[in-house]
Amino acid sequence: MQFAEWTYPLRKFDDIYYTIERIVYGKGELKGFTTEDIYNNLRDKRFFNDVQDLNRYLLENGRKYKIRKIDDAWERYY
C-alpha cells in the first residue's frame, strides 16, 4: 500500500491532464469544455467528491494543467 500512496499525486495529475487532452482533441477546439465534462470523463472519480470539488481544485491549480476559466467554460492554452 505504501507504493500506491506515494503515486497518488502523480495518478491524480495524469488522470486530469489526459482527460483534458482527450476532451480537447476529441472536440478539435481548445475551449468550450466544462468542469462537468472533465469530471464525467475521469477514469478515477475517487479523487473528487463531486463536480464542485473538482472545479475548486482546477481554479487553484489551473496553471499546472494549462487551462483557464472563461465565463462558465475552460480554455486550454500553451
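Let us look at the structure shown here.

Thresholds applied
- Along each chain, residues carry numbers from 1 onward, in the same order as the chain's sequence is written.
- Restriction of local features to residues with pLDDT of at least 70 applies here, the model being predicted, together with a cutoff of 80 or more for giving and counting side-chain atom pairs; totals for whole chains, interfaces and linings are based on all residues.
- Note that the side-chain values use all heavy atoms of the structure and ignore hydrogens as well as water.
- Whenever a carboxyl oxygen of Asp or Glu lies within 4 Å of a side-chain nitrogen of Lys or Arg, that contact is scored as a salt bridge.
- Under the scheme used here, helices are H or I runs from DSSP no shorter than 4 residues and strands are E runs no shorter than 2 residues, and both carry numbers assigned from the N terminus.
- With a 1.4 Å probe rolled over the protein chains alone, any residue whose accessible area is under 20% of its type maximum counts as buried; one over 50% counts as exposed, and the rest are partly exposed.
- Between any two strands, pairing holds if DSSP finds at least two bridges.
- Only four residue types enter the tally: Lys and Arg on the positive side, Asp and Glu on the negative side; His and the chain ends are excluded.
- Contacts were defined at the residue level, with two residues in contact if any of their heavy atoms lie within 4.5 Å.
- Any pair of N or O atoms that falls within 3.5 Å is considered a polar contact. Within protein, one atom must be able to donate a hydrogen and the other to accept it, and sequence-neighbouring residues count only if both atoms are side-chain atoms.

### Let's talk about the pattern of salt bridges
Then, number 1: Counted according to the given criterion, the structure contains five salt bridges.
Then, number 2: With a closest N to O distance of 3.9 Å, Asp-44 and Arg-11 form a salt bridge. With Asp-44 in the loop between helix H2 (35–41) and helix H3 (51–65) and Arg-11 in helix H1 (residues 2–27), this residue pair connects regions lying 33 residues apart in the sequence.
Then, number 3: Here Arg-11 falls in the partly exposed class, since its relative accessible area comes to 33%.
Then, number 4: For Glu-21, the salt bridge goes to Arg-76, with nearest N and O atoms at 2.5 Å. Here the residue Glu-21 occupies a position in helix H1, and Arg-76 occupies one in strand S3 (residues 73–76), the gap between them amounting to 55 residues.
Then, number 5: Taken together, the salt bridges that share partners define one network made up of Arg-11, Asp-44 and Arg-46.

### Examining the pairing of S3
Then, number 1: Alternating residues of S3 divide into Ala-73 and Glu-75 and Trp-74 and Arg-76, and every residue in both groups is buried.
Then, number 2: Where strand S1 (residues 31–33) meets S3, two bridges bridge the pair, whose relative direction is antiparallel. In the sheet register, Phe-33 faces S3, and the bridge partner there is Trp-74.
Then, number 3: Judged from the four bridges that link them, strand S2 (residues 67–70) and S3 form a sheet pairing that is antiparallel. If you follow Ile-67 over to S3, its bridge partner there is Arg-76.
Then, number 4: In this structure, the hairpin formed by S2 and S3 is closed by a connection of two residues, where Asp-71 is found at a positive phi of approximately 55°.

### Things to note about the side chain of Lys-12
Then, number 1: Note on placement: Lys-12 falls in helix H1.
Then, number 2: For Lys-12, which is buried and forms no salt bridge, the nearest opposite charge comes from Asp-53, at a distance of 7.2 Å.
Then, number 3: Discounting chain neighbours no more than four positions away, the residues touching Lys-12 are Phe-47, Phe-48, Tyr-57 and Tyr-65.

### A few points about the environment of Asp-15
Then, number 1: Following the sequence through the fold, Asp-15 ends up in helix H1.
Then, number 2: Here Asp-15 falls in the buried class, since its relative accessible area comes to 8%.
Then, number 3: Separated by 23 residues in sequence, Asp-15 and Ile-38 place their C-alpha atoms 9.9 Å apart.
Then, number 4: Not counting residues within four places of it along the chain, the set of residues in contact with Asp-15 comprises Leu-42, Arg-43, Asp-44 and Phe-47.
Then, number 5: In this structure the side chain of Asp-15 is engaged in a polar contact, spanning 3.1 Å, whose partner is the backbone nitrogen of Arg-43.

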